[in-house]
Amino acid sequence: MELILMIEKISEYTIDEIYIGQKTKFNVVITGNMIKEFARLSGDHNPLHTDENYSATTKFGKIICPGMFLAGFFSRLVGMNIPGKNSLYFSQSLKFISPCFINDEIIVIGEVISKSLTTKIITLKTIIQNTHGKELVKGEAKVLVRE
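Since this is a predicted model, take the numbers as computed values, not measurements.

Observations regarding the environment of His-45
Here His-45 is to be found in the loop between helix 1 (32-42) and helix 2 (47-50). We classify His-45 as exposed; its relative accessible area is 51%. Sequence-wise, His-45 and Pro-66 are 21 residues apart; in three dimensions their C-alpha atoms are separated by 9.9 Å. Sequence-distant contacts of His-45, that is, excluding residues within four places in its chain, are made with Ala-39, Arg-40 and Thr-50.

Here it is as structure tokens:
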């Protein structure tokens, strides 16, 4: 199986270029193969995420995407968009609100809500929602902007 990666252009924001209210977002369609690959890499084979027969018996009625898999898209947000190349993740809070299912399209959103020129740390409000506007995951990222 050949893996083809599409690399988007990486941002290179400096602390001086980043401003309060700066936003970025991107969309991703969640596939069954993504969830299987996450299970393989993480070792999380919970049947709620991997077994169609089992998950059909739950209140969700079908396989749900692991929350930590979704939260992984915040790494793309920080590492590729704001600030991009100059980023060093410091911390990330997470709140899992609603489930995501196979074939759902998600929108990953980040907004700068604070920055310190002294410490060179920015805080981003991070949200993942579906295309109907329902929040799935939210939190805050603290990121050191390297020189």
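Comments concerning the nonpolar core
By size, the foremost hydrophobic cluster in this structure holds 29 residues, and its most contacted members are Ile-30, Ile-106 and Leu-124. Taken together, the elements giving at least two residues each to this core come down to strand 1 (23-29), helix 1, helix 4 (67-71), helix 5 (73-81), strand 4 (105-116), strand 5 (121-130) and strand 6 (135-145). Here this core gets 5 residues from one element, more than from any other, and that element is strand 6.

Topic: unusual backbone geometry
Across the junction of Ile-82 and Pro-83, the peptide omega takes the value 0°, indicating a cis bond. In this structure, Pro-83 sits in the loop between helix 5 and strand 2 (87-92). Unlike most non-glycine residues, Asn-103 shows phi in positive territory, near 75°. Tracing the sequence through the fold places Asn-103 in the loop between strand 3 (95-96) and strand 4. By relative accessible area, Asn-103 is classed as exposed at 61%. The backbone of Lys-120 shows a phi angle near 60°, a positive value even though the residue is not glycine.

Calculation rules
- One numbering rule holds for all chains: residues counted from 1, following each sequence as written.
- Totals for whole chains, interfaces and linings use every residue, but because this is a predicted model, local features are given only for residues with pLDDT of at least 70 and side-chain atom pairs only at 80 or more, for both listing and counting.
- To obtain the side-chain values, all non-hydrogen atoms of the structure were included, while hydrogens and water were left out.
- We count a stretch as a helix when DSSP gives it H or I for four or more residues in a row; a strand needs E for two or more, and each element gets its number in order from the N terminus.
- The cut-offs for exposure are 20% and 50% of the maximum accessible area for each residue type, with area from a 1.4 Å probe on protein chains only; residues under the lower value are buried, those over the upper are exposed, and the others partly exposed.
- Residue contacts are counted whenever heavy atoms from the two residues lie within 4.5 Å of one another.
- We call a set of buried residues a nonpolar core when its members are Ala, Val, Leu, Ile, Met, Phe, Trp, Tyr or Cys and they connect through side-chain atoms within 4.5 Å of each other.

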